[in-house]
Amino acid sequence: MITVDQQNLVFEPLDESAWRLCDTNIDEHDAARLVAYVERVDGGYEAIWLGLGMRPSWYASRDDVLRTARGLRRPDVTMTQSKPDPIPRVAPV
């Protein structure tokens, strides 16, 4: 595993020209940990974003992929070690 920034995004190599971009703040058994598949293609990098409803996109560098990933990160899924907010109970009318 190669750490790429201080926000816990890491490129995990799949082979010489393909990586998984993962968020280490999320439990390794949680599918939300996987942010994108990244592959070196056509002199740049293609990112296939998972769970974001985005189409695959092309970038000039892996740093560009990271900048996009940082902008897409949702704060509500970056930490899974805290308890969820309780649901308020309302008495029936």
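This section reports on the structure supplied with the text. (Residues numbered from 1 in each chain as written. Predicted model: local features only at pLDDT ≥ 70, side-chain atom pairs only at ≥ 80, totals over all residues. Heavy atoms only, no water.)

1. Observations regarding the side chain of Ser 57
Tracing the backbone through its elements, the reader meets Ser 57 in strand β6 (residues 57–59). Residue contacts for Ser 57: discarding those within four places in its chain leaves Tyr 45, Glu 46, Ala 47 and Trp 49. (Helix = DSSP H or I, 4+ residues; strand = E, 2+ residues; numbered from the N terminus. Contact = heavy atoms within 4.5 Å.)

2. Description of the packing of aromatic side chains
A complete count under the given rule lists 3 aromatic pairs for this structure. For the ring pair Trp 19 and Tyr 45, a centre distance of 6.0 Å and an interplane angle of 50 degrees mean the geometry is tilted. Within this pair, whereas Trp 19 is found in strand β3 (residues 18–23), its partner Tyr 45 is found in strand β5 (residues 44–49), the two being separated by 26 residues in sequence. A centroid spacing of 6.3 Å and a plane angle of 85 degrees characterise the contact between Trp 49 and Tyr 59, whose relative ring orientation is edge-to-face. Residue Trp 49 is located in strand β5, and its partner Tyr 59 is located in strand β6; the two are separated by 10 residues in the primary sequence. (Phe/Tyr/Trp six-rings, centres within 6.5 Å; stacked < 30°, edge-to-face > 60°.)

3. Some thoughts on helix α1 (residues 62–72)
Among the residues making up α1, those that are buried are Val 65, Leu 66 and Ala 69. Along the long axis of α1, the arc covered by the buried residues comes to 100 degrees, so they all point the same way. Residues of α1 that are exposed and angled more than 90 degrees away from the buried face: Arg 67 and Gly 71. Buried residues in α1 make contact with β2 (9–15), β3, β4 (34–41), β5 and β6. The N-cap residue of α1 is Ser 61: its side-chain oxygen and the backbone nitrogen of Asp 63 are 3.4 Å apart. (Buried < 20%, exposed > 50% of the residue type's maximum accessible area, 1.4 Å probe, protein only. Arc of directions from axis to C-beta. Polar contact = N/O pair within 3.5 Å; in protein donor to acceptor, adjacent residues only side chain to side chain.)

4. Section: the pairing of β2
Inspection of the sheet shows β2 paired to β3 by 6 bridges, in the antiparallel sense. Looking at the pairing, Val 10 lines up with Cys 22 of β3. (Pairing = 2+ DSSP bridges.)

5. A short note on the pattern of salt bridges
Applying the stated criterion to the full structure yields 3 salt bridges. The residue Glu 12 makes a salt bridge to Arg 20 at a minimum N-O spacing of 3.3 Å. In this structure, the salt-bridge partner of Arg 33 is Glu 12, at a minimum N-O distance of 3.9 Å. Remark: Glu 12 occurs in strand β2 and Arg 33 occurs in the loop between β3 and β4; sequence separation between them is 21 residues. Each member of the pair, Arg 33 as well as Glu 12, is classed as buried. Here the salt bridges do not stand alone but share partners, grouping Glu 12, Arg 20 and Arg 33 into one network. (Salt bridge = Lys/Arg side-chain N within 4 Å of Asp/Glu carboxyl O.)

6. A look at the pairing of β3
Of all 6 residues making up β3, 5 are buried, and the element is well covered by its neighbours. Counting the residues that bridge the hairpin from β2 to β3 gives 2 residues. Strand direction decides the pairing type here: β3 and β4, joined by 5 bridges, are antiparallel. Its bridge partner lying in β4, Trp 19 is registered against Val 38.

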